[in-house]
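Listed below, chain by chain, are the residues.
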Amino acid sequence: MFYLLNNLIQMKILLNNETLHKTLKPFDNIGFVPTMGGIHEGHISLINKSIKYTDKTIVSIFVNPKQFNSKRDFISYPSNIKNDLAILKKIPKIDFIYIPKFKDIYESKDKSKIVIKRSDKILCAKFRKGHFEGVLDVMDKLTNLIKPKKIFMGKKDYQQLFLVKNFIESNYKTKVIGCKTIRNKNKLALSSRNFLLDKKDLKKVENISKKFLKLKNEVKKHKYINKFLGQTKRKFEKLLDIKIEYLENRNVKNLKISNKYLKSKIFLSYHFKGIRLIDNF
Ligand code: AMP
């Protein structure tokens, strides 16, 4: 109870850019956690990292329409500000929550000049046209507004982390810190999109996820890992009744296709009953 009251007093909600500027002006060592809401333990782990490594922590909640390549996906995105604030209020030491409106982020009518290199049009960039252009655009705008020392992002969205880190660190003095993927007790990577699943489907997805995670050990036995993953993709689509977008082994440093086990990860995206889930392991 004390914690709750204490944090209610401490945590300030910023609803527009004027308040944001005024409030952040005196601070230098700011840690920033960008989110689209639907707050879960994955987000909370990033927030705790920021609290540990910076002086002031700001969390943004903004469902960025420009990074959705499907209107249906945008409309059904499971963000609920009231729930989110109730969760965030329980975390001691969050300083600011920034909840901008569309016009706060996209004040200028100038068209974004962000382009994704051809060689980066892999994985999610290949299947979600315009998605990362939208992500980099909003991260550019948010970084400009907040001027954080450090941004904390999840390795669960590894390609996003890779592109944002390259972009932000070459344009700002800000560091982008990758944080480990938080999973539930059945090893399913936490995601706001999991809130779209009912209990029965969540169980199904957990079982599907277990099958994929086992591949990490399996690939060790294969010389041509990606050939094996290609065969597995076809097999799993039939067996598990899902549509797999990609299942590929790639180098963690440059995201190039790799047939090596070391310094690489398996990247996965699939659709279960119309819900798009991603993971890497
Ligand atoms: P989102 O709200 O989905 O845009 O995610 C906001 C941030 O939380 C991003 O940096 C994500 O990578 C990160 N994130 C999402 N899920 C997890 C997770 N399970 N573990 C760690 N970080 C996560």
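Since this is a predicted model, take the numbers as computed values, not measurements.

Caption draft 1: Spatial organisation of the domain arrangement of the protein chain. The assigned domain composition of the protein chain is domain 1 (2-179) and domain 2 (192-280). The C-alpha centroid of domain 2 is placed 26 Å from the C-alpha centroid of domain 1. For the domain 1 and domain 2 pair, buried surface summed over both sides reaches about 1,800 Å², with 63% attributable to carbon and sulfur atoms. On the domain 1 side of the contact with domain 2, L123, F127 and Y158 bury the most area, a combined 34% of that side's loss. Applying the counting rule to domain 1 against domain 2 returns one salt bridge. D73 is paired through a salt bridge with R193; the nearest N and O atoms lie 2.7 Å apart. Between the two partners, domain 1 and domain 2, sit six residue pairs in polar contact (both at pLDDT 80 or more). The residue makeup of the side of domain 1 that touches domain 2, split by class, is ten nonpolar, six polar and five charged.

Caption draft 2: A look at the sheet that holds strand β2 (residues 30-35). Pairing within the open sheet is parallel, and its six strands lie in the order β1-β4-β3-β2-β5-β6. Whereas interior strands pair on both sides, the edge strands pair on one side only; in this sheet they are β1 (12-14) and β6 (175-179). Mean inter-strand twist for the sheet, computed between neighbouring axes without regard to direction, equals 25°. The sheet contact formed by β2 and strand β3 (residues 56-61) spans six bridges and is parallel. Opposite F32, over in β3, you have I58 as the bridge partner. In the packing of helix α5 (residues 81-88) onto the sheet, contacts are made with β1, β3 and β4 (96-98), and the angle to β3 comes to roughly 160°. Across the sheet, helix α8 (residues 131-146) lies against β2, β3, β4 and β5 (150-154), angled at about 150° from β2, the strand it touches most.

Caption draft 3: Representation of the sheet that holds strand β8 (residues 264-272). Ordered in space as β7-β8-β9, the three strands form an open sheet in which the pairing is antiparallel. Of all the strands in the sheet, just β7 (243-251) and β9 (275-280) have a single pairing partner and so form its edges. On average, each strand axis in the sheet is tilted by 10° relative to the strand beside it, whichever way the strands run. Pairing between β7 and β8: eight bridges, direction antiparallel. From the neighbouring strand, N251 faces β8, where its bridge partner is S264. Against the sheet, helix α10 (residues 199-218) touches β7, β8 and β9, its axis set at about 155° to β8.

Caption draft 4: Local environment of the packing of aromatic side chains. Throughout the structure, instances matching the rule amount to nine aromatic pairs. Measuring from ring centre to ring centre gives 6.1 Å for F27 and F96, while their planes differ by 40°; the resulting arrangement is tilted. In this pair, F27 sits in the loop between α2 (17-24) and β2 while F96 sits in strand β4, placing the two residues 69 residues apart along the sequence. Under the relative-accessibility criterion, F96 is labelled buried at 6%. Taken together, the ring pairs in this structure connect F62, F102 and Y106 into an aromatic cluster. Stacked on the ring of Y106, the Lys or Arg K66 has its end atom at 4.3 Å from the ring centre. The ring of Y261 carries K216 above its face, with NZ or CZ at 5.0 Å from the centroid.

Caption draft 5: Region of the structure containing unusual backbone geometry. Residue K93 is not a glycine yet carries a positive backbone phi of 80°. Along the chain, K93 turns up in the loop between α5 and β4. Even without a glycine there, the phi angle at K273 is positive, about 45°. Mapped onto the elements of the fold, K273 is located in the loop between β8 and β9.

Caption draft 6: The site of the ligand, seen in detail. Around the ligand sit 18 residues in total, of which H43, G154, D157, I182 and L190 are the nearest. Here H43 contributes a side-chain N or O atom positioned 2.9 Å from an oxygen atom of the ligand. Coverage of the ligand by the protein chains reaches 93% of its 490 Å² of free accessible surface. Sorting the residues of the shell around the ligand by element identifies β2, α3 (41-53) and β5 as the ones contributing at least two each. Here the element with the most residues in the shell around the ligand is α3; it accounts for three residues. Per-class residue counts for the shell around the ligand are seven nonpolar, eight polar and three charged.

About the thresholds
- Counting restarts for each chain, with residues numbered from 1 along the sequence as it is written.
- Totals for whole chains, interfaces and linings use every residue, but because this is a predicted model, local features are given only for residues with pLDDT of at least 70 and side-chain atom pairs only at 80 or more, for both listing and counting.
- To obtain the side-chain values, all non-hydrogen atoms of the structure were used and water was disregarded.
- Where each domain begins and ends is defined by an automated method or by a domain database.
- Once two parts are joined, some of their accessible surface, as seen by a 1.4 Å probe, is lost; buried area is that loss totalled over both.
- Whenever Lys or Arg places a side-chain nitrogen within 4 Å of a carboxyl oxygen from Asp or Glu, that contact is recorded as a salt bridge.
- In the analysis that follows, any N or O atom pair within 3.5 Å is treated as a polar contact, provided that within protein one partner can donate a hydrogen and the other can accept it, and provided that, for residues neighboring in sequence, both atoms belong to side chains.
- Classification convention: Asp, Glu, Lys, Arg as charged; Ala, Val, Leu, Ile, Met, Phe, Trp, Tyr, Cys, Pro as nonpolar; all other residues, Gly among them, as polar.
- Here, a strand pair is defined by DSSP locating no fewer than two bridges between the strands.
- Secondary structure elements are taken from DSSP: a helix is a run of H or I of four residues or more, a strand is a run of E of two residues or more, and numbering for both begins at the N terminus.
- Angular values range over 0 to 180 degrees, each being the angle between N-to-C directions of two axes fitted as lines to C-alpha atoms, with helices fitted over their stretch in contact.
- Note on contacts: a residue pair qualifies if any of its non-hydrogen atoms lie within 4.5 Å across the two residues.
- Aromatic contacts are taken between Phe, Tyr and Trp rings whose centres are within 6.5 Å, Trp giving its six-membered ring; a plane angle under 30 degrees counts as stacked, one over 60 as edge-to-face, and the others as tilted.
- Buried means the residue's accessible area, taken with a 1.4 Å probe over protein chains only, is under 20% of the maximum for its type, while exposed means over 50%, and partly exposed covers the values in between.
- Charge-over-ring contacts are defined here by two conditions on Lys NZ or Arg CZ: a distance within 6 Å of the ring centre and an angle within 35 degrees of the ring normal.
- By convention in this text, a residue qualifies as near a molecule or strand provided that one of its non-hydrogen atoms is within 4 Å of it.
- Here, Shrake-Rupley sampling with a 1.4 Å probe gives the accessible areas, and only protein chains in the shown set may cover a residue.

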